[in-house]
Amino acid sequence: MSDYGKYGMPPKKKGHGAKGYWIVGEGYYMPDQSDPMPEPAYDDKDPGKPMPMRFCRMFNKKAMAPAEPEGLQALGFAMNELADTKHEADIPAGMTYLGQFIDHDISLTPSDGTGLIENPSVNPGRLPNERTASLDLDSLYGKGPGREDFYQGDGKKFVIGPNTDLPSLPTGLKNDLPRKPDSKEARIGDHRNDENLAVAQTHLHFLKFHNKVVENEGPATFDDARKIVRQHYQSIVLHDFTPRLVDPAIYDDVMANGRTWWMPEGAYGKGKLCMPVEFSVAAYRLGHSMVRNQYEWNRIFTTGGRRGISTLAQLFQFSGLSGDLAGAPTLPVNWVVDWTRFHDFTDVENVDNHPVSNKARPIDTLLAMGLGDLPEFQGMDDILRNLAVRNLLRGAQLMLPTGQEIAALIGATPLTPTEVAGGPHGKVVKDNGFDTATPLWYYILKEAEVKHHGQHLGEVGSTIVVETFHGLVEGSEHSILKEANWKPTLKSADPNKFTMADMLAYVGELNPLGDSLTS
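What counts and what doesn't
Residues numbered from 1 in each chain as written. Predicted model: local features only at pLDDT ≥ 70, side-chain atom pairs only at ≥ 80, totals over all residues. Heavy atoms only, no water. Helix = DSSP H or I, 4+ residues; strand = E, 2+ residues; numbered from the N terminus. Buried < 20%, exposed > 50% of the residue type's maximum accessible area, 1.4 Å probe, protein only. Contact = heavy atoms within 4.5 Å. Areas by Shrake-Rupley, 256 points an atom, 1.4 Å probe, with all protein chains shown as cover. Phe/Tyr/Trp six-rings, centres within 6.5 Å; stacked < 30°, edge-to-face > 60°. Lys NZ or Arg CZ within 6 Å of the ring centre and 35° of its normal. Salt bridge = Lys/Arg side-chain N within 4 Å of Asp/Glu carboxyl O. Axes fitted to C-alpha atoms, helices over the stretch in contact; angles between N-to-C directions. Parallel < 35°, antiparallel > 145°, perpendicular 65-115°, else oblique. Left-handed = near helix turned anticlockwise from the far one by under 90°. Nonpolar A, V, L, I, M, F, W, Y, C, P; charged D, E, K, R; others polar. Polar contact = N/O pair within 3.5 Å; in protein donor to acceptor, adjacent residues only side chain to side chain. Arc of directions from axis to C-beta.

(A) Broad picture of the overall build of the protein chain. Secondary structure assignment for the protein chain yields 18 helices and 6 strands. Going through the 519 residues of the protein chain one by one, you find that 58% of them count as buried. Residue pairs in contact within the protein chain that sit at least 24 positions apart in sequence constitute 75% of those at least 6 positions apart. Per element, the accessible surface of the protein chain, about 20,300 Å² overall, is 51% carbon and sulfur.

In structure tokens, the structure reads:
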């Protein structure tokens, strides 16, 4: 019996169009875009009290005339692939979901709209960020031992969840997030990291990474262990993840000479980080383009296997937030990931890349089919279920400048109208004037597509991403950029940096199911 037969997927329901609506987890959007008030440095109700972590603008510039929602909707619906493709970038597919994990560590707006302005536009300065906007893994550690239920009794290590056993497969494995037995809800620092199985397994291995540091390095206190994990995580983000996504020349320049455009200490006072919306709402949503429709998941869910290759829909189903774990109390053992298929272990000692591995989709203006009908929003309006539409509307809601405006600001060579309108979206792009005034998110994807064949970001996207991550690392507690001559203290292939492959090899549970196809 196929997994679809045994573990039925939720029914799909049709919605209806709307011109003004609340976007779940995003805010309220309507066509009438009024000019927002100046971004405040302090809380309106208590001028003497500094505001909590907020969003801000990197370039201190907002759109003069945001696009009408009908045009944005038309463009968003056009961005989904009509058929599965084999296009790929030279980026390991695991980086897609590491990127999602990083996003959840640095950015969170209240899902119930608390703190959002129910007006036609949202002022970034009034939009609270429930994360610290620094690379300190608060999404992993939560409030810390004694204040969370996902720590072991020793107060130093995390609880790891067991898998649900199945016939003819290894038994007693512990490769799931810890879960509440009544609801299957993950007991973790950020519930969003159980949204799909790929990000859930990523979060799980960061839990295991911390536990291994406690076991192997002998830190005197929990805080000592957390510092080791945080600093090596910062190296993963800055020295492994970021350079895979951006223009090498821009990366090298920022690393050597520092930032030019984003000076977070100037937003709300020295030492108070903020999250630039040009990054969080546009440039960093490049990861949505990298998602594949299918993955070579492990020896069971692979091309030629009895179950066949895993689908994106199944990755949502086998999670606790968007799915129901297919009716099992915990993750079934046959869905434990094989990391050698998802990350690059080329330089890691005694680890080989699996010959059947996954690469990310190119960074371009087409999104995987499944992202046009998000499983967690079944039963809602078509607009709300389509990720591309949501992204474009969110950019307009926050009055992001166009790609051409940012290119002019930073002195980048802008895309020509012909370049922007090239490809399958040409008509909707021209009909709405997007060839000369392009929504920032679309522009950044098109820049990567046109200039670099989807292998990495172009000038505008690279500048925003590199400067933001550099600033976040610099502003983090235990920053590796502020610690003179920081180098990894844990085993790494390169003595000057620590990578995601290094981390997974350090944990040592790369492929718990093995490679022998017996089921």
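Moving on from the model shown.
(B) Seen up close, the packing of aromatic side chains. Applying the stated criterion to the full structure yields 24 aromatic pairs. Measuring from centroid to centroid gives 5.2 Å for Trp297 and Phe342, while their planes differ by 75 degrees, and the two rings are edge-to-face. Separated by 45 residues along the polypeptide, Trp297 in the loop between strand E5 (294-295) and strand E6 (310-311) and Phe342 in the loop between helix H10 (312-317) and helix H11 (382-385) bring together distant segments of the chain. On the accessibility criterion, Trp297 (1% relative accessible area) is buried. Put simply, the rings of Tyr97, Tyr295, Trp297, Phe301, Phe318, Trp335, Trp339 and Phe342 touch in pairs and so form one group of aromatic residues. Over the ring of Tyr141 we find Arg226; its NZ or CZ atom is 5.6 Å from the centre of that ring.

(C) Broad picture of the pattern of salt bridges. Summed over the entire model, instances satisfying the criterion amount to 19 salt bridges. When the shortest N-O distance is used, the salt bridge between Lys61 and Glu405 registers 3.6 Å. In this pair, Lys61 sits in the loop between strand E3 (55-56) and helix H2 (69-78) while Glu405 sits in helix H13 (residues 403-410), placing the two residues 344 residues apart along the sequence. Looking at Lys61, the relative accessible area reads 24%, which means it is partly exposed. Exposure remark for Glu405: the relative accessible area of 21% places this residue in the partly exposed category. Its salt-bridge partner being Arg259, residue Glu474 comes within 3.1 Å of it at the nearest N-O pair. Remark: Arg259 occurs in the loop between helix H7 (248-257) and strand E4 (275-276) and Glu474 occurs in helix H17 (residues 459-474); sequence separation between them is 215 residues. Taking the relative accessible area as the measure of exposure, Glu474 reaches 29% and is therefore partly exposed. Ionic contacts of the salt-bridge type, sharing partners, join the residues Asp176, Arg179 and Asp194 into one network.

(D) Looking closely at the packing of helix H5 (residues 197-217) against helix H6 (residues 222-245). At a closest axis distance of 10 Å, the pairing of H5 and H6 adopts a crossing angle of 125 degrees. When the axis of H5 is compared with that of H6, the two are oblique. For the pair H5 and H6, the sense of crossing is right-handed. Between H5 and H6, the residues in contact are Phe206, Phe209, His210, Val213, Val214 and Glu217 and Phe222, Ala225, Arg226, Ile228, Val229, His232 and Tyr233, respectively. Considering only residue class, the contact of H5 with H6 consists of 9 nonpolar, 2 polar and 2 charged.

(E) A look at the environment of Asp136. Mapping Asp136 onto the fold places it in the loop between helix H3 (94-106) and helix H4 (138-141). Accessibility expressed as a relative area gives 9% for Asp136, which makes it buried. Each C-alpha atom, one on Asp136 and one on Val229, is 9.1 Å from the other, the two residues being 93 residues apart in sequence. What Asp136 contacts, discounting residues up to four positions off in sequence, is Asp105, Tyr141 and Arg230. A distance of 3.2 Å separates a polar atom in the side chain of Asp136 from the backbone nitrogen of Asp138.

(F) Focus on H13. Within H13, the full set of buried residues consists of Gly403, Gln404, Ile406, Ala407 and Ile410. The arc enclosing the buried residues of H13, seen along the axis, measures out at 160 degrees, which places them on a common side. Against helix H14 (417-420), helix H16 (440-452) and H17 lie the buried residues of H13. Two residues or fewer after H13 comes Gly411, characterised by a positive phi angle close to 80 degrees.

(G) Layout of the side chain of Asp240. In this fold, Asp240 is placed in helix H6. Residue class for Asp240 comes out buried when judged on its relative accessible area of 5%. A polar contact is formed between the side chain of Asp240 and the side chain of Arg244, at a distance of 2.9 Å. Of the polar contacts made by the side chain of Asp240, one reaches the backbone nitrogen of Met500; its length is 2.9 Å. With residues up to four places along the chain from it excluded, the contact list for Asp240 reads Met95, Ser235, Phe498, Thr499 and Met500.

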